[in-house]
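Chain and residue survey
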Amino acid sequence: MLARKSIIPEEYVLARIAAENLRKPRIRDRPRKARFIAKNGACNLAHKNIREQGRFLQDIFTTLVDLKWRHTLVIFTMSFLCSWLLFAMMWWLVAFAHGDMDPSTESTTNSTKWTPCVTCVRSFTSAFLFSIEVQVTIGFGGRMMTEECPLAITVLILQNIVGLIINAVMLGCIFMKTAQAHRRAETLIFSRQAVIAVRNGKLCFMFRVGDLRKSMIISASVRIQVVKKTTTPEGEVIPIHQVDIPVDNPIESNNIFLVAPLIICHVIDKRSPLYDISAADLALQDLELIVILEGVVETTGITTQARTSYVAEEILWGHRFVPIVTEEEGVYAVDYSKFGNTVKVAAPRCSARELDEKPSILIQTLQKSELSHQNSLRKRNSMRRNNSIRRSNSMRRTNPSLIVPKVQFITPEGSQNSSET
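What you see is a predicted model; the values in this text were computed from it and never measured. (Residues numbered from 1 in each chain as written. Predicted model: local features only at pLDDT ≥ 70, side-chain atom pairs only at ≥ 80, totals over all residues. Heavy atoms only, no water.)

When the UniProt feature table is mapped to this numbering, "transmembrane region" (unreviewed entry) covers residues 73-94 and 151-175. End-to-end, the C-alpha atoms of residues 73-94 are 32 Å apart, and along that stretch the chain is 100% helix and 0% strand. The span residues 151-175 carries 100% helix and 0% strand; its end-to-end C-alpha distance comes to 36 Å. (UniProt positions renumbered as here; feature names shortened; annotations may be inferred. Helix = DSSP H or I, 4+ residues; strand = E, 2+ residues; numbered from the N terminus.)

As C-alpha cells, this is what we get:
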C-alpha cells in the first residue's frame with residue numbers, strides 16, 4: 001500500500017522483496033520418519049487385527065498387570081464386591097432353607113431349643129454383612145455361625161479359600177504394578193544427542209548415560225542396535241532390520257560400573273554399519289541407533305531396562321562431550337546441568353573406510369586444528385595486549401597527574417636542554 005500511495009517507489013519494494021527471497025531460501029523439510037523407539041524408551045508400535053484374543057486370558061495375571069490403573073482398580077473392587085454378593089446369596093439360601101427367615105421361629109425360640117444356622121441373619125442385608133465379616137475376618141460379635149448346619153460349614157470353608165485366592169491374585173497384581181521395572185528406568189538418563197569424534201586415532205560413535213539415584217544398578221550392560229530398512233539381493237524388503245554393533249568396553253564381561261555418568265563408545269570399524277558413512281552422508285541416512293541399558297536394581301533385585309534411540313538428525317559430527325565430574329573437597333561432584341553439552345573438536349569429515357585407507361587425512365586434520373588453535377591464541381594475546389595499551393592511554397588522558405612534566409637544564413655554555421623525568 002505504501003508503493004501505491006507513492007510514499008516508497010514501487011521499484012524499491014520489488015527489489016527489496018527479491019533480495020529477501022534470495023537471502024532466505026525456502027527449504028522443504030523432509031517428512032519425519034517414524035521412530036521405532038521414542039526418546040523416553042517407549043516402543044512406537046501398534047498391534048492391529050489380533051484375532052486370537054483368548055491367548056491373553058490364558059495368562060490372566062500378566063494381563064491384569066499390563067492393564068491401565070483405572071481398569072485394574074475397577075477389577076480389584078468388583079472382584080471383592082462380586083464375591084461378597086455371591087456368598088451373601090449362598091448364606092441367605094442356607095438360612096432360608098433352614099427356616100431362619102420364618103418369623104414364627106422367633107416365638108418358639110424361647111419355648112423350645114431351636115438353633116439357627118447363623119444367628120441374627122433374617123434378611124439379605126444381614127446375610128451380606130455376615131459374608132463380609134467372614135471373608136475379611138472381621139468379627140463384630142452380633143452374627144456368628146453355629147454347628148446346626150453342615151452345609152453352612154461347607155460354605156464357610158469355601159468362602160475362606162476363595163477369599164484367600166482373590167487376595168493373593170489382586171494384591172500381587174497391585175504390588176507388581178507399583179514395583180514395575182520401568183519405574184526404576186525413569187532415573188536412568190541418556191544424552192539427548194550422540195556425537196562422532198576421533199578417540200585413540202579412530203572414529204567413534206559416543207553417547208552419555210547416567211543414573212540419578214544413589215542406589216546402583218548391578219551388572220549393568222549396554223547394547224546398541226542399528227535399525228534400518230534394507231533390501232536383500234533377492235528383492236525382499238525388510239522394514240525393520242536389526243543389526244547389533246559392538247561396544248568398546250575394556251571389561252571382558254561387558255558390564256559397566258554406573259556409579260557416575262559414563263560415555264559409551266562404539267569404534268566405527270569394518271564390523272560397524274557406520275563404516276561407509278561420512279559427515280555429508282549422515283544427514284541422508286535413514287537409520288536409527290537404539291541403545292538398551294539393562295541391569296538389576298540393587299534395592300529390589302528386579303531386572304530393569306532403559307531404552308532410547310538416536311536418528312541421523314541427533315548425531316553431531318565433530319563434537320565431544322564436556323567433562324562434568326570434578327573433585328571438590330575430597331568428593332567427586334557431578335554437574336548434571338552440563339550432561340548433554342558438547343564442544344566442537346577436530347574430526348575428519350570422511351568415512352571410517354576412507355580414514356583407514358588414507359591415514360594421512362587424520363594427521364592433516366590434526367595439524368590444521370593445531371595451527372588454527374595457535375592462531376586463535378595469538379589473536380587473543382594480541383587483543384589482550386592492545387586492550388591493555390588502550391586502557392593505559394585512556395587512564396593517562398583522564399588523570400593529568402600521571403602526565404610526566406618537562407624539566408629544563410642550563411648548561412655552563414648557556415644553552416638550555418629540555419628533558420623528561
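Here the narrative resumes, following the displayed structure.
Another point: the state of the cysteines. Among covalent bonds in proteins, the disulfide is the one between the sulfur atoms of two cysteines. Considering all chains together, one arrives at one disulfide under this definition. Across the disulfide from C117 sits C149; the S-S distance is 1.6 Å. Sign of the S-S torsion, about -50° for the bond between C117 and C149, identifies this disulfide as left-handed. Taken as a pair, C117 in the loop between helix 5 (104-108) and helix 6 (124-135) and C149 in the loop between helix 6 and helix 7 (150-178) lie far apart in primary sequence, 32 residues in all. (Disulfide = S-S within 2.5 Å.)

Let us look at a nonpolar patch on the surface. A cluster of nonpolar side chains, contributed by L57, I60, F61, I153, I157, I161, I165, V169, F175 and M176, occupies part of the molecular surface with about 900 Å² of accessible area. Among the elements of the structure, helix 3 (60-66) and helix 7 are those that each provide at least two residues to the nonpolar patch. The element contributing the most residues to the nonpolar patch is helix 7, with seven residues. Topologically, V169 is positioned in helix 7. (Patch = residues over 30% accessible without salt bridge, like charges linked within 9 Å, V, L, I, M, F, W, Y side chains within 5 Å. Areas by Shrake-Rupley, 256 points an atom, 1.4 Å probe, with all protein chains shown as cover. Salt bridge = Lys/Arg side-chain N within 4 Å of Asp/Glu carboxyl O.)

Inspection of every chain in the model, using the stated rule, returns six salt bridges. The salt bridge partner of E314 is R35, with a shortest N-O separation of 2.9 Å. Of the two residues, E314 sits in the loop between strand 9 (303-311) and strand 10 (315-317) while R35 sits in the loop between helix 1 (10-23) and helix 2 (55-58), which places them 279 residues apart along the sequence. Note that E314 and K39 form a salt bridge whose closest N and O atoms lie 3.4 Å from each other. In this pair, E314 sits in the loop between strand 9 and strand 10 while K39 sits in the loop between helix 1 and helix 2, placing the two residues 275 residues apart along the sequence. For the pair E314 and K39, one class covers both residues: buried. Each of R35, K39 and E314 takes part in one network of salt bridges that share partners. (Buried < 20%, exposed > 50% of the residue type's maximum accessible area, 1.4 Å probe, protein only.)

The relative placement of two packed helices is expressed as an angle between their axes plus a distance between the axes. Between helix 4 (residues 69-98) and helix 7, whose axes approach to 11 Å, the crossing angle comes to 175°. Regarding the angle of helix 4 to helix 7, the classification is roughly antiparallel. Residues that form the contact of helix 4 with helix 7 fall into these classes: 20 nonpolar, six polar and one charged. (Axes fitted to C-alpha atoms, helices over the stretch in contact; angles between N-to-C directions. Parallel < 35°, antiparallel > 145°, perpendicular 65-115°, else oblique. Nonpolar A, V, L, I, M, F, W, Y, C, P; charged D, E, K, R; others polar.)

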